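For reference, the chains in residue letters:
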Amino acid sequence: MKRLPDWADVVLVPLISVVLAFVISALVILAIGENPVEALQIMLTGALGSAYGWGYTLYYATNFMFTGLAVAVAFHASQFNIGGEGQATLGGLGVAVVCLAFDWPHWTLALAAATVGAAVFGAAWAAVPAWLQAKRGSHIVITTIMFNFIGASLLNYLLVNVMRPVGSMDPATARFPAGAKLPTLFDMTSALGMPLFKSTPVNVTLFIALAACVAVWLLIWRTRLGYMIRAFGRSEPAAVYAGISPVKITMYALLISGALAGMMAINATMGEQKRLILNAVEGAGFIGIAVALMGRSHPFGVFLAALLFGFLFQGGAELALWTTIPRELITVIQALVILFTGALDNMVRMPLERLFLALRRPDGEARR
Amino acid sequence: MDYATILQILDSTVRLGTPLLLACLAGLFSERAGIFDIGLEGKMLMAGFAAAAIAAVSGSVWIGVAAGLCASLALALLHGLASITFRGNQLISGVAINFLASGLTVLIGQKWFALGGRTPSLEGAARFAPIELPFAEVLLPVPVAGPLYRELISGHSVLVYVAFAAVPAAWWVLYRSRFGLRLRAVGENPAAVDTAGISVVRMRYAAVAICGLLCGLAGAYLATGLSAGFVKEMTAGRGYIALAALIFAKWRPWYALGATMLFGLLEAIANRYQNIDLGAVVLPVQFMQALPYILTVVILAGFVGRAIPPRAGGEPYVKER
């Protein structure tokens, strides 16, 4: 017998966890002498009260969809890819290499090539930890953490010593050519005659992120590979018994994960910064962990959680602008979401299970 | 490179290696009891902030250290609550703790001091002064050993000596005491310990608490010994380097001393020289910074001496299945 009905497992548990995380965040705001209700109002108007706010919210959400999906795919294979940050950093390198290679005639060509570049570089950065996990049994969490730092050092080296244009002091590449400029949603809505999202960075990559959500759903629940990934994630011995190769599935799942994390760079590096800078990822790789946990590793859940974190990110920036609450409030909220939806899951689940058991008992007797 | 330069580099090796050593021993106790801890970084950061803030306010570094220990212990118990009592994922809990510390330190620091996440600079009794060991000046004329004694062995803050003393202490506790035997057993085979009538939960909480206290010392040293005050994100990945050192040391106290001092040496060299010219190749500073992580990956890959973690690490213990 299932202890919890499906709807409670999928909706109620994460919802209570998120509410708990937000209640504690509100207490933190109270504790530093600010008004949580006012703070929420500022965040709501700042992030969702105008097309401008929405533009930024959606831009951040695009980043988090990619990194959230990356963590989610790995979770399905019961692998914890904490290296989204490094893979996205390397994805940025892939984007920069592609964008600076040619004078691109049209953005569609540049976008297609940059997507491949980002995915390949991201997957390549996940490949070594994946191979070490699959073949040598080195713990994926530790190796991906190490690869985050190695990636940061590598990018630092390349930007300072190799890719920096002559005469520039800034550790960044040259600007990407005009042909590699992605249309923003403002450009697109203007062309349709109803301009929206003026001077915000949200761009065509949003649709790629949405397509990625659908693609991941198809992959996990509608393909043979997805079935193998889920089977392996649930029980390795059972998967091996069914003829599924653990090495192959670990590699596939983590390569896809790395590719998705890398693709974040199309949005940030190609869409917004238009050149490769240090720390272009801004912690989005880590926010992906919170997004995937909150979204229960389901693409639709990831989509919703990415929107929520996009809102928090933009709202947090507004808060820092209008109040004395620093942006780091978002880091605290992120930590609490990870804590409650990830690590303290049982704290919510155990009492709920007891509650449902108590509710179910009377009609169980009636049936008898 | 002359003798004085070598001594200076070794001296900063000791200074930079000390927080790594304390954090590494912290992780050692936790992971030997079967609780993975990637939250070393967060606990150090929180302790550093609490120590610097309270030392600045109270004017006494010892009250500051006590506050740092309490802050780190609180996060350690949160980790224990999530991973022991509620049998949650220990890695996810560690990640959450790192972010919690990273956010809370700035949030509270900004509210309290309004210095952009910094604490006021510590002066006088609010920070650790170097300890001159006896006869440091008298023995200075003695060739080789005199400068070595004065520059390298004497003149550190008290927490450095505590950290070095903690190595044999940790070894003794883990390998020569009953508590240590049980602690290691809990990390290898908790069911056996349970059968012997010892509480797995209590042993693991004890290990997590020791980890919290040692991380507290590491953070306090960082903010009140190595520097004079707390700066936003001042741990700068040291918790992860300590984690790397722990694997490098294969979860053993004496090896931990070697590994952390090696990584401290790498940091000292990277701080002193920008690029290292080896004649044929020039090693860029970024390579030196990445070296601890690269070495750890190589060790993890098992090509150079295999690192085998405690067998029950990362798994919550359920009494009856």
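Residues numbered from 1 in each chain as written. Chains lettered and ligands numbered in written order. Predicted model: local features only at pLDDT ≥ 70, side-chain atom pairs only at ≥ 80, totals over all residues.

Colleague: Before we go on, may I ask you to explain the overall build of chain A in this structure?
Modeller: Across its full length, chain A carries 15 helices and zero strands. Taking 21 Å as the expected radius of gyration for a compact globule of 368 residues, we find that chain A reaches 22 Å, a close match to that expectation. With the C-alpha coordinates aligned to their principal axes, the bounding extent of chain A is approximately 80 × 55 × 40 Å. The buried share of chain A, reckoned over its 368 residues, is 53%. Restricting to contacts in chain A with at least 6 residues of sequence separation, those with at least 24 account for 76%. (Helix = DSSP H or I, 4+ residues; strand = E, 2+ residues; numbered from the N terminus. Rg over C-alpha atoms; globule rule 2.2 N^0.38 Å. Buried ≥ 20, exposed ≤ 12 C-beta atoms within 10 Å, placed from the backbone. Contact = placed C-beta atoms within 7 Å.)

Colleague: Is there a simple way to think about the overall build of chain B in this case?
Modeller: Within chain B, the secondary structure is distributed over 12 helices and two strands. Taken against the 2.2 N^0.38 rule, which gives 20 Å for 321 residues, the C-alpha radius of gyration of chain B at 20 Å falls within 12% of a compact globule. Here the C-alpha coordinates of chain B stretch approximately 65 × 50 × 40 Å along the principal axes. Taking all 321 residues of chain B together, the buried fraction comes to 53%.

Colleague: Would you mind showing me how to read the packing of helix α3 (residues 51-76) of chain A against helix α12 (residues 284-294) of chain A here?
Modeller: Two quantities define a packed helix pair, namely the angle between the axes and the distance from one axis to the other. All names here are of chain A. Contact geometry for α3 and α12: axes closest at 7 Å, N-to-C directions at 60 degrees. Relative to α12, the element α3 is oriented oblique. Considering how the two elements wind past one another, α3 and α12 form a crossing that is right-handed. Across from Asn-63, Phe-64, Thr-67, Gly-68, Ala-70, Val-71, Ala-72 and Phe-75 in α3, the residues of α12 making contact are Ala-284, Gly-285, Ile-287, Gly-288, Ile-289, Val-291 and Ala-292. (Axes fitted to C-alpha atoms, helices over the stretch in contact; angles between N-to-C directions. Parallel < 35°, antiparallel > 145°, perpendicular 65-115°, else oblique. Left-handed = near helix turned anticlockwise from the far one by under 90°.)

Colleague: Sorry if this is basic, but what is going on with the confidence of the model for chain B here?
Modeller: Parts of the model with low pLDDT should not have their predicted coordinates read in detail. Within chain B, residue pLDDT values average 88, and 98% of them lie at 70 or more. Predicted complex metrics record ipTM = 0.90 and pTM = 0.90. (pLDDT = per-residue confidence, 0-100.)

Colleague: Please clarify how α12(A) should be interpreted in this entry.
Modeller: Because each turn of an α-helix spans 3.6 residues, side chains separated by three or four positions in sequence point in the same direction. Residue and element names in this part refer to chain A. In terms of burial, α12 is largely enclosed, as 11 of its 11 residues are buried. Among all positions of α12, only Ala-284, Gly-285, Phe-286, Ile-287, Gly-288, Ile-289, Ala-290, Val-291, Ala-292, Leu-293 and Met-294 are buried. Just downstream of α12, Arg-296 is the residue with a positive phi angle, here 55 degrees.

Colleague: When you look at the interface of chain A and chain B in this model, what are you seeing that I'm missing?
Modeller: Interfaces are often described in size by the accessible area the parts lose on coming together. Across the contact, 36 residues belong to chain A and 38 residues belong to chain B. Elements that contribute at least two residues to the side of chain A that touches chain B include exactly α5 (107-136), α6 (140-162), α12, α14 (328-343) and α15 (345-367) of chain A. Here the element with the most residues in the side of chain A that touches chain B is α6(A); it accounts for 11 residues. Classifying every residue of the side of chain A that touches chain B by side-chain character gives 23 nonpolar, 10 polar and three charged. (Nonpolar A, V, L, I, M, F, W, Y, C, P; charged D, E, K, R; others polar.)

Colleague: Just checking my understanding: could you explain the UniProt feature "transmembrane region" (unreviewed entry) in chain B for this structure?
Modeller: The feature "transmembrane region" (unreviewed entry), as annotated in UniProt, sits at residues 12-29, 49-79, 91-113, 158-175, 205-231, 251-270 and 290-308 of chain B in this numbering. For residues 158-175 of chain B, helix accounts for 100% and strand for 0%, while the C-alpha atoms at its two ends are 26 Å apart. (UniProt positions renumbered as here; feature names shortened; annotations may be inferred.)

Colleague: Which parts of the structure should I look at to understand unusual backbone geometry?
Modeller: Across the chain, the bulk of peptide bonds are trans and the bulk of non-glycine residues have phi less than zero. Residues and elements named next belong to chain A. Positioned with a positive phi, Ser-199 is a non-glycine residue whose angle comes to about 45 degrees. With respect to the helices, strands and loops of the structure, Ser-199 is situated in the loop between α7 (185-191) and α8 (205-222). Positive phi, close to 60 degrees, is recorded for Lys-274, a residue that is not glycine. With respect to the helices and strands, Lys-274 occurs in the loop between α11 (246-273) and α12. With 18 C-beta atoms counted inside 10 Å, the residue Lys-274 sits in the partly exposed group.

Colleague: Where do I start with the environment of A:Trp221 in this structure?
Modeller: If you trace the backbone, A:Trp221 turns up in helix α8. Taking the C-alpha atoms as reference points, A:Trp221 and A:Gly137, 84 residues apart in sequence, are found 27 Å from one another.

Colleague: Quick question: what am I supposed to make of the confidence of the model for chain A here?
Modeller: Residue-level pLDDT values for chain A average 90, and 98% of them are 70 or greater. In the model of chain A, α15(A) stands out as the element of lowest mean pLDDT, 77, in contrast to α8(A), which has the highest, 96.

Colleague: What exactly am I supposed to notice about the environment of A:Val95 here?
Modeller: Residue and element names in this part refer to chain A. Examined against the element boundaries, Val-95 turns out to sit in helix α4 (residues 84-101). C-beta crowding within 10 Å serves as the criterion here: with 34 such atoms nearby, Val-95 is assigned to the buried category. Once the C-alpha coordinates of Val-95 and Asn-203 are considered, the two residues, 108 residues apart in sequence, prove to be 16 Å apart. Those residues in contact with Val-95 that sit more than four places away from it in its chain are Ala-114, Gly-117, Ala-118, Ala-265, Ile-266, Thr-269 and Met-270.

Colleague: I would appreciate a short explanation of the packing of α5(A) against α6(A) in the present structure.
Modeller: All names here are of chain A. Across the interface, α5 lies against α6 with an axial gap of 9 Å and an inter-helix angle of 155 degrees. Taken together, the axes of α5 and α6 are roughly antiparallel relative to one another. The handedness of the crossing between α5 and α6 is right-handed. When α5 is examined against α6, the residues Trp-125, Val-128, Pro-129, Leu-132 and Gln-133 are found in contact with a partner set consisting of Ile-140, Thr-143, Thr-144, Phe-147 and Gly-151. Considering only residue class, the contact of α5 with α6 consists of six nonpolar, four polar and no charged.

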